[in-house]
Amino acid sequence: MANDDLRLVELIARLAQSTAPVPTSPLGRLRRTAGAALRAAASTVGHGGGVAGLDVGAVEKLVLSLGELKGVAMKMGQVLSYIDDTLPPETRRLLSALQRWSPAAPISEIRSTVLED
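Bear in mind that the values here come from a model prediction, so they are computed numbers and not experimental data. (Residues numbered from 1 in each chain as written. Predicted model: local features only at pLDDT ≥ 70, side-chain atom pairs only at ≥ 80, totals over all residues. Heavy atoms only, no water.)

Attention now moves to the environment of arginine 92. Of note, arginine 92 is situated in helix α5 (residues 89-95). Distance from arginine 92 to tyrosine 82, taken between C-alpha atoms, is 6.9 Å for residues ten residues apart in sequence. Apart from the residues lying within four places of it in its own chain, the contact partners of arginine 92 are Leu80, Ser81, Tyr82, Ile83, Asp84, Asp85 and Leu87. In this structure the side chain of arginine 92 is engaged in a polar contact, spanning 3.5 Å, whose partner is the backbone oxygen of aspartate 84. (Helix = DSSP H or I, 4+ residues; strand = E, 2+ residues; numbered from the N terminus. Contact = heavy atoms within 4.5 Å. Polar contact = N/O pair within 3.5 Å; in protein donor to acceptor, adjacent residues only side chain to side chain.)

Next up, the structure:
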């Protein structure tokens, strides 16, 4: 198995094992989304800047964060993986893990959120 394939398999396994609770408050979602964006931006600056300068490790963390957030944030990662051809192929490939491998939020959490709202 190629090194890139192994990296994707490991990322998928980490996505599937994620047990982080989905933030339900707008502030909690904003905090987690902003944190993921800042980590990606810091990685870009630290690796030469620009989209081509994205560090693979930072992309993996971004994928994990988006997978934990669910909703619009995760959908953004899914869409970027196949629409944004300005992203490096490896970044798009890692983002594509969000299309099939991000675990669903527990139905009990979804139910309580819906009832609460």
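Moving on, we come to the pattern of salt bridges. Under the criterion given, the structure shown has three salt bridges. A salt bridge links glutamate 60 to arginine 7, with the shortest nitrogen-to-oxygen separation between them at 2.7 Å. One end of the pair, glutamate 60, is in helix α3 (residues 56-69); the other, arginine 7, is in helix α1 (residues 3-17), with 53 residues separating them in the sequence. Under the relative-accessibility criterion, glutamate 60 is labelled buried at 9%. Given a relative accessible area of 31%, arginine 7 falls into the partly exposed group. Between glutamate 90 and arginine 93 there is a salt bridge whose closest N-O contact spans 3.3 Å. Separated by three residues within a single helix, glutamate 90 and arginine 93 lie in helix α5, roughly one turn from each other. The structure contains a network of salt bridges with shared partners spanning Arg7, Arg14 and Glu60. (Salt bridge = Lys/Arg side-chain N within 4 Å of Asp/Glu carboxyl O. Buried < 20%, exposed > 50% of the residue type's maximum accessible area, 1.4 Å probe, protein only.)

Now for the environment of valine 79. Within the secondary structure layout, valine 79 lies in helix α4 (residues 71-83). On the basis of relative accessible area, valine 79 is assigned to the partly exposed category, the value being 30%. Valine 79 sits 17 residues away from serine 96 along the chain, and the two C-alpha atoms are 8.6 Å apart.

What follows covers the packing of α1 against α3. In a packed pair of helices, the relevant descriptors are the angle between the two axes and the axis-to-axis distance. Packing of α1 against α3 brings their axes to within 10 Å, and their N-to-C directions diverge by 30°. One finds that α1 runs roughly parallel with respect to α3. Judged by the twist between their axes, the crossing of α1 over α3 is right-handed. Facing Arg7, Leu11, Arg14 and Leu15 of α1, the residues of α3 in contact are Val56, Glu60, Val63, Leu64 and Gly67. (Axes fitted to C-alpha atoms, helices over the stretch in contact; angles between N-to-C directions. Parallel < 35°, antiparallel > 145°, perpendicular 65-115°, else oblique. Left-handed = near helix turned anticlockwise from the far one by under 90°.)

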